[in-house]
Amino acid sequence: MTALQHEVILFLDGVPITVWDGYAITLDMLRPGSAWTFSLWRTEGTSRTWGQLLAIAKIGARVTFAVDGVVQLDGLLERREPRADASGAMLILGGRDISGSVIDAHADPTLSLRSVSLQTALERLIDPLGFTVELGEGVDPAHAAPGLRPPRRPTRRRQRRTGMTDRFRPRMGETVWQCMESLCRKSGYLLWTAPGSTPDDLVLRVDVPRTTGVERFQFLRELLPDGTVSQRSNILSGSDAIDTAGVPTEVTVFADTPRGDLQSARIARAVINDQFVTDLYTRSLPDRPRYVVSARARSDGAARREAARILGDANANLRAYTATVQGHGQRSEGKVVLYQPNELCRVRDHITDTDLAGLVTRVEFKGGRESGQTTELRIVPRGAIKVDPEDAN
């Protein structure tokens with residue numbers, strides 16, 4: 001399969017840099033603070049440019065990187081390392097995307113919101129940092145924001161037990177990311193960085209993991225009868241890893257629900273891990289049940305959702321196919337689409353005996369003057385990642 005060639009541009013505080021030699025940029029929907037690095041060589045005839053580069057590359061400088069005119073990285077320069085030896089001089093630049101600032105910055109503990117939508121609550125939290133929040137297709141724009149914690153009340157009054165409040169206030173020392181992620185998780189959504197609706201913007205995306213829709217990307221490593229790989233294959237390297245360590249086969253959540261006589265009725269709800277029900281696992285796989293006592297679940301449905309959340313977190317690392325391909329995107333529906341997390345795909349690898357309907361969770365763009373452009377993608381089975389709302393009845 002013919003690989004696409006992409007135009008890539010690096011900017012430092014708005015100044016285009018043309019002397020770079022290599023790059024590595026990660027977009028990950030499951031791990032915030034995606035790291036990036038650039039290597040820039042000093043070569044003959046570039047001494048003047050090199051001097052300008054050292055002057056521009058200051059800690060805290062804004063770094064943006066675009067592929068085919070679409071911004072894939074927007075962050076601050078956090079690491080600067082000029083080095084030189086007999087082979088020449090190099091400048092290493094590194095940092096994290098915009099989520100790095102959100103992870104480090106503390107939320108304003110005086111902020112208090114009442115009866116607002118989830119988007120409004122997130123925007124109020126992120127506003128001091130100057131970043132943008134975008135809701136994905138799976139998010140209801142009018143969704144009410146669940147409370148991070150109930151408002152303070154006089155100690156002489158008994159605190160009413162409730163799983164949701166229309167008011168929240170960040171605790172002292174909580175970061176902006178912790179507050180935003182807690183709101184999203186309570187509502188049944190994930191939070192990660194992604195290209196925005198406009199080409200020149202990287203945003204904080206709120207959405208659910210895709211389970212239905214178009215398989216945007218196709219990954220193939222096809223063996224011909226003579227044992228060689230076909231020309232239409234696009235997988236350069238691939239691995240299909242399964243690791244069951246720490247993954248339960250069943251989760252049972254015990255919860256207390258109040259009764260009219262002021263006593264508690266103990267309820268228990270179990271959820272089977274359906275990711276083990278494939279031909280990749282022996283029927284004699286020993287059961288690994290997990291029992292959890294919940295302080296939050298107050299109903300049958302809430303207990304089931306908490307069990308499903310525990311399984312969802314464990315299954316995110318149960319099975320993952322990692323593919324390396326040439327280029328940073330594919331032609332889909334008549335146009336070039338860059339690889340992105342939360343896109344559905346199909347993997348067919350004859351060597352690893354993989355036929356997987358998957359979801360892309362991580363994309364790492366890599367490039368070099370000599371090595372060319374490649375992308376490493378992490379792909380999990382479709383439906384493996386589940387995020388259920390915590391505060392639904």
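All values derive from a computational prediction rather than experimental measurement.

**Considering the overall build of the protein**
Okay, step 1: Along the backbone of the protein there are five helices and 23 strands.
Okay, step 2: Contacts in the protein between residues at least 24 apart in sequence constitute 67% of all its contacts with a sequence separation of at least 6.
Okay, step 3: Of the accessible surface of the protein, which amounts to about 20100 Å², a share of 48% is contributed by carbon and sulfur atoms.

**Comments concerning the packing of helix α3 (residues 118-126) against helix α4 (residues 176-187)**
Okay, step 1: Between α3 and α4, the least distance of the axes is 10 Å, while the angle of their chain directions is 170°. Between α3 and α4, the interaxial angle falls into the category roughly antiparallel. Across from L118, A121, L122, L125 and I126 in α3, the residues of α4 making contact are V176, C179, M180, L183, C184 and S187.
Okay, step 2: A per-class count over the contact of α3 with α4 returns 10 nonpolar, one polar and no charged.

**Details of the pattern of salt bridges**
Okay, step 1: If you walk through the whole model with that rule in mind, you get 17 salt bridges.
Okay, step 2: R319 is the partner of D240 in a salt bridge, and the nearest nitrogen-oxygen pair spans 2.7 Å. One end of the pair, D240, is in strand β14 (residues 235-242); the other, R319, is in strand β18 (residues 319-326), with 79 residues separating them in the sequence.
Okay, step 3: Since its relative accessible area comes to 14%, R319 is described here as buried.
Okay, step 4: Linking R346 and D355 is a salt bridge whose minimum nitrogen-to-oxygen distance equals 3.2 Å.

**Brief notes about the side chain of T175**
Okay, step 1: Take T175: it is sitting in the loop between β10 (167-168) and α4.
Okay, step 2: Residue contacts for T175: discarding those within four places in its chain leaves V102, I103, D104, A105, H106 and A107.

**Remarks on the nonpolar core**
Okay, step 1: Ranked by size, the top nonpolar core spans 41 residues in total, and within it F38, L40, F65, L93, F219 and I379 carry the most contacts.
Okay, step 2: Residues contacting L93, with those up to four places away along its chain left out, are L12, W36, T37, F38, L40, A57, L77, R79 and R80.
Okay, step 3: Of all hydrophobic cores here, the second largest spans 26 residues; its members include L111, L118, F168 and V176.

**Regarding the confidence of the model for the protein**
Okay, step 1: The share of residues in the protein with pLDDT of 70 or more is 85%, and the mean pLDDT across the chain is 84.
Okay, step 2: For residues 147-165, every residue scores under 50 in pLDDT, and the model assigns this stretch 32 contacts once sequence neighbours within four places are set aside.

**Considerations on the pairing of strand β4 (residues 35-42)**
When a strand is regular, its side chains alternate between the sheet's two faces.
Okay, step 1: The pairing of strand β3 (residues 20-28) with β4 spans five bridges and is classified as antiparallel. Looking across to β4, one finds that Y23 is bridged to F38.
Okay, step 2: Of the pairings in the sheet, the one linking β4 to strand β7 (residues 88-97) comprises eight bridges and is antiparallel in character. In the strand pairing of β7, F38 is matched with L93.

**Details of α3**
Okay, step 1: Listed in full, the buried residues belonging to α3 are L118, A121, L122, L125 and I126. Considered in projection along α3, the buried side chains sweep an arc of 125° and stay on one side of the axis.

**Section: the sheet that holds strand β9 (residues 133-135)**
Okay, step 1: Pairing is mixed across the open sheet formed by three strands, whose spatial order is β9-β12-β11. Each end of this open sheet is capped by a strand with a single partner; those strands are β9 and β11 (190-195). Averaged over neighbouring strand pairs, the angle between their axes works out to 35° when direction is ignored.
Okay, step 2: Inspection of the sheet shows β11 paired to strand β12 (residues 202-207) by six bridges, in the antiparallel sense. Within the sheet, the bridge partner assigned to L190 lies in β12 and is D207.
Okay, step 3: Where α3 meets the sheet, it contacts β9 and β12, and its direction lies at approximately 165° from that of β9.
Okay, step 4: The strands touched by α4 are β9, β11 and β12; relative to β11, the strand with the most contacts, the crossing angle is about 110°.

**A look at the packing of aromatic side chains**
Okay, step 1: According to the stated counting rule, one finds seven aromatic pairs in the structure shown.
Okay, step 2: Both rings, one in F217 and one in F219, keep their centres 6.4 Å apart while their planes meet at 45°; by these two values the pair is tilted.
Okay, step 3: F217 gets classed as buried once you look at its relative accessible area, which sits at 0%.
Okay, step 4: According to the relative accessible area criterion, F219 is buried, its value standing at 2%.
Okay, step 5: Ring geometry for F217 versus Y339: centroids 4.9 Å apart, planes at 70°, classification edge-to-face. Note that F217 is positioned in strand β13 (residues 217-221) and Y339 in the loop between β20 (335-338) and β21 (344-349), a separation of 122 residues in sequence.
Okay, step 6: Here a set of aromatic residues connected by ring pairs shows up, and it is made of Y23, W36, F38 and F65.

**Observations regarding a nonpolar patch on the surface**
Okay, step 1: A surface patch of nonpolar side chains, about 230 Å² in accessible area, is lined by L223, V229 and I351.
Okay, step 2: Structurally, the position occupied by V229 is in the loop between β13 and β14.
Okay, step 3: Overall, V229 belongs to the partly exposed group, its relative accessible area being 39%.

**Brief notes about the side chain of N273**
Okay, step 1: Structurally, N273 is set in the loop between β16 (264-272) and β17 (289-294).
Okay, step 2: Polar side-chain contacts of N273 include one of 2.9 Å to the side chain of N315.
Okay, step 3: Filtering out sequence-adjacent residues up to four positions away, N273 remains in contact with V247, P248, T249, E250, L311 and N315.

Calculation rules
Residues numbered from 1 in each chain as written. Predicted model: local features only at pLDDT ≥ 70, side-chain atom pairs only at ≥ 80, totals over all residues. Heavy atoms only, no water. Helix = DSSP H or I, 4+ residues; strand = E, 2+ residues; numbered from the N terminus. Contact = heavy atoms within 4.5 Å. Areas by Shrake-Rupley, 256 points an atom, 1.4 Å probe, with all protein chains shown as cover. Axes fitted to C-alpha atoms, helices over the stretch in contact; angles between N-to-C directions. Parallel < 35°, antiparallel > 145°, perpendicular 65-115°, else oblique. Nonpolar A, V, L, I, M, F, W, Y, C, P; charged D, E, K, R; others polar. Salt bridge = Lys/Arg side-chain N within 4 Å of Asp/Glu carboxyl O. Buried < 20%, exposed > 50% of the residue type's maximum accessible area, 1.4 Å probe, protein only. Core = buried A, V, L, I, M, F, W, Y, C linked by side-chain atoms within 4.5 Å. pLDDT = per-residue confidence, 0-100. Pairing = 2+ DSSP bridges. Arc of directions from axis to C-beta. Phe/Tyr/Trp six-rings, centres within 6.5 Å; stacked < 30°, edge-to-face > 60°. Patch = residues over 30% accessible without salt bridge, like charges linked within 9 Å, V, L, I, M, F, W, Y side chains within 5 Å. Polar contact = N/O pair within 3.5 Å; in protein donor to acceptor, adjacent residues only side chain to side chain.

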